[in-house]
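Structural features, examined
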Amino acid sequence: MAARFGGSAPTQWGTALPGIVTHLAQPVAESGAARVALTFDACGGPSGSDLDHELLDGLRREQIPATLFLNARWIDTHAALAGELAGDPLFVLANHGTSHRPLSVNGRSAYEIPGTRSAAEAVAEVWENHVVLTELTGTAPRYFRAGTAHYDDVAVQIVHALGEIPIGFSVNGDGGASFGAGTVRAEIGGAPPGGIVLAHMNQPHGGTHPGAIDAARDLRVHGVEFVHLDV
Ligand SMILES: [Zn+2]
C-alpha cells in the first residue's frame, strides 16, 4: 500500500477535500425528520487522555446515539471503558488514528502538530488503530478521522484504499474543546439536516458536556433525529 502511493505528490490540504465526507448521505428521514450525527473525538496523548464523564452520562441518560472516534493512545489509557463502549449499542466506535497526527505524505502540520511524513507513516497511522479497534469491537471500523481532521489529497486516497472512509465535519461543535457551554450549545444547536457535528469526549473541563447535551435537547424539541454516522 505504501509503495502504491509512495510516488504521489499531494496538491491539496485541508479538512474538506474531495473524498472527505462532511455530511450524511441521507439528511432527512423517511418520516421527514432532520437527521444529525453527533461525533466525539478522544484524542489521547499527554493532554488528551482524560474522559468527560458527564458527557457520557448525559448521552446515556438522554439516549442520544453518537459515533466515538477513539485514538489508539486513548484506548490504551482506558482499556476497560473502551471495551464497555464497544458493547454499548448507543455508540459506534471509529478510528481517530494511532498517534493523532494530521494525515499527510510529506509531514505537513496543522495547529503545530506535525503530520505523518510519508505514505508508509500515513498507512501506519490508519492501520495500527484499525487493528486495535477490530480486536476491541470484533468488527473492522468503517470511519477514520485524522488527528486535527486535516488531510492531504494523497492521504485521503490512502484511507479509502485501506477500506475506511475519511470523515470531516460540517459543524465545529466545541472548537477543539475551547468553547464555553453557551457557544457549544449555539453551534451544535444550529446543526443543519445531514450535519456531522465534531466535538470532544476527552476534555471534561471545557464547555462541551453541558453545551452538547443542552443542544441535543433543543434539537429534539425541533424534531431532529440523532443517528450514527451512515455515509
Ligand atoms: Zn483529536
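See the structure printed just above.
What comes next concerns the included structure. Keep in mind it's a predicted model, so treat the numbers as computed, not measured. (Residues numbered from 1 in each chain as written. Predicted model: local features only at pLDDT ≥ 70, side-chain atom pairs only at ≥ 80, totals over all residues.)

Moving on, we get to the nonpolar core. If you look at the biggest cluster of nonpolar residues, it comprises 60 residues, and the most contacted ones within it are Leu68, Ala155 and Val197. Look past the residues within four positions of Leu68 in its chain and what remains in contact with it is Phe40, Ala42, Leu85, Phe91, Leu93, Ala94 and Met201. (Core = buried A, V, L, I, M, F, W, Y, C linked by C-beta atoms within 7 Å. Buried ≥ 20, exposed ≤ 12 C-beta atoms within 10 Å, placed from the backbone. Contact = placed C-beta atoms within 7 Å.)

Okay, unusual backbone geometry next. At Gln63, a residue that is not glycine, the phi angle is positive and equals roughly 55°. Its place among the elements puts Gln63 in the loop between α2 (53–61) and β3 (66–70). C-beta crowding within 10 Å serves as the criterion here: with 8 such atoms nearby, Gln63 is assigned to the exposed category. Phi at Ala177 takes a positive value of approximately 65°, unusual for a residue other than glycine. If you trace the backbone, Ala177 turns up in the loop between β8 (171–172) and α7 (181–189). For Ala177, a count of 22 C-beta atoms within 10 Å corresponds to the buried category. (Helix = DSSP H or I, 4+ residues; strand = E, 2+ residues; numbered from the N terminus.)

Let us now look at the packing of α7 against helix α8 (residues 208–221). Packed helix pairs are characterised by how far apart their axes lie and by the angle those axes make with each other. Viewed as axis vectors pointing N to C, α7 and α8 meet at an angle of 35°, and their least axial separation amounts to 7 Å. Considering how the two elements wind past one another, α7 and α8 form a crossing that is right-handed. Residues Ala181, Gly182, Val184, Arg185, Ile188 and Gly189 of α7 form the contact with α8, whose own contacting residues are Thr208, Pro210, Gly211, Ala212, Asp214, Ala215, Asp218 and Leu219. (Axes fitted to C-alpha atoms, helices over the stretch in contact; angles between N-to-C directions. Left-handed = near helix turned anticlockwise from the far one by under 90°.)

Turning our attention to the pairing of strand β9 (residues 196–200). The element β9 is extensively covered by neighbouring structure, given that five of its five residues are classed as buried. Of the two faces of β9, the one holding Ile196, Leu198 and His200 and the one holding Val197 and Ala199 are both buried throughout. As paired elements, strand β2 (residues 35–42) and β9 share five bridges and run parallel to each other. Directly across from Leu38, in β9, lies its bridge partner Val197. Inspection of the sheet shows β8 paired to β9 by two bridges, in the parallel sense. Its bridge partner lying in β9, Val171 is registered against Val197. Handedness of the crossover joining β8 and β9 through α7 is recorded here as right-handed. (Pairing = 2+ DSSP bridges. Right-handed = clockwise from strand over helix to strand, strands pointing away.)

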